[in-house]
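Here's the letter readout for the chains.
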Amino acid sequence: ESHLTQIQELKANSQEQAANHEKEMAYARSTMEGLKRDTEKASKELRMERERCSNLKVDVAAAHAAFEPYKRRAETNELERKKAEASRERDLRALRTELETEREERTKQECEYQSRLRSSDDQIRKIQQNLSEERHRRAKELCRLERGIIAAMQAIFAERQKQEQHEVRSEEESNTKS
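The rules we used
- Residues numbered from 1 in each chain as written.
- Predicted model: local features only at pLDDT ≥ 70, side-chain atom pairs only at ≥ 80, totals over all residues.
- Heavy atoms only, no water.
- Helix = DSSP H or I, 4+ residues; strand = E, 2+ residues; numbered from the N terminus.
- Rg over C-alpha atoms; globule rule 2.2 N^0.38 Å.
- Areas by Shrake-Rupley, 256 points an atom, 1.4 Å probe, with all protein chains shown as cover.
- Lys, Arg positive; Asp, Glu negative; His and termini not counted.
- Charge placed at Lys NZ, Arg CZ, Asp CG, Glu CD.
- Patch = residues over 30% accessible without salt bridge, like charges linked within 9 Å, V, L, I, M, F, W, Y side chains within 5 Å.
- Salt bridge = Lys/Arg side-chain N within 4 Å of Asp/Glu carboxyl O.
- Buried < 20%, exposed > 50% of the residue type's maximum accessible area, 1.4 Å probe, protein only.

Asker: Residues and numbers for the overall build of the protein, please.
Answerer: When you go through the protein residue by residue, the secondary structure sums to 1 helix and 0 strands. For the protein, the C-alpha radius of gyration of 71 Å lies well beyond 16 Å, the compact-globule estimate for 178 residues. By its C-alpha atoms, the protein is 240 × 30 × 20 Å across when sized along the principal axes. As displayed, the protein has an accessible area near 17,000 Å², and 54% of this comes from carbon and sulfur atoms. Seen as two clouds, the 38 positive and the 38 negative side-chain charges of the protein have centres 2 Å apart.

Printed below as a string of structure tokens:
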């Protein structure tokens, strides 16, 4: 009987272990099914994310392709702006040099003009002085000539008076003689 009890106990233990094992297996199957569902869901989401990433890569590539002409145009515009700026700077330097040269030339001309003006002023003063001296000399000469003319006219007038007096006397003498 003790064997029989032991066998029954072993059998009951074995059945209990088998039931526990079955429960564990059911739990494991259930967990596996859940994991399988989660894996399938994750795989599906991963495929969708990959597809979305692929679409994003296409969109990014399309955006880069669409942006590239603008980028090249911006680079070209920047180069042209830099060239224009460099050209303006060259032109400004050339203008400054030209203005400086012109300013120096004008200053030089102004100095020459001032020098000529001073020289002309000196010449004008000398001419005015000479003219004044010449006027004074001519005025003296005119006075001398006028005195000479007056003296000559007075001499002529005196001579005429003498002649007239002489003629009058001659006439009177002739009248008296006759």
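Past the structure itself, the notes keep going.
Asker: Break down a nonpolar patch on the surface for me, citing the residues and quoting the values.
Answerer: Taken together, the side chains of Leu142, Leu145, Ile149 and Met153 define a hydrophobic patch exposed on the protein surface, amounting to about 390 Å² of accessible area. For methionine 153, the location among the structural elements is in helix α1 (residues 2–177).

Asker: Talk me through the environment of serine 14; I want residue IDs and the actual numbers.
Answerer: Following the sequence through the fold, serine 14 ends up in helix α1. Owing to a relative accessible area of 41%, serine 14 belongs among the partly exposed residues under this scheme. For the pair serine 14 and arginine 50, spaced 36 residues apart in sequence, the C-alpha to C-alpha distance is 51 Å.

Asker: Report on the pattern of salt bridges, specifying residues and quantitative values.
Answerer: Taken as a whole, this structure holds 12 salt bridges when the rule is applied. One salt bridge connects arginine 52 with glutamate 49, and the closest N-O pair in it is separated by 2.2 Å. With arginine 52 and glutamate 49 both in helix α1 and 3 residues apart, this pair spans about one turn of that helix. As a salt-bridge pair, glutamate 85 and arginine 81 come within 2.8 Å of each other at their nearest N and O atoms. Taken together, the residues span about one helical turn, with glutamate 85 and arginine 81 both in helix α1 at a distance of 4 residues.

Asker: Which residues make up the environment of alanine 158, and what values go with them?
Answerer: Its location among the elements puts alanine 158 in helix α1. We classify alanine 158 as partly exposed; its relative accessible area is 34%.

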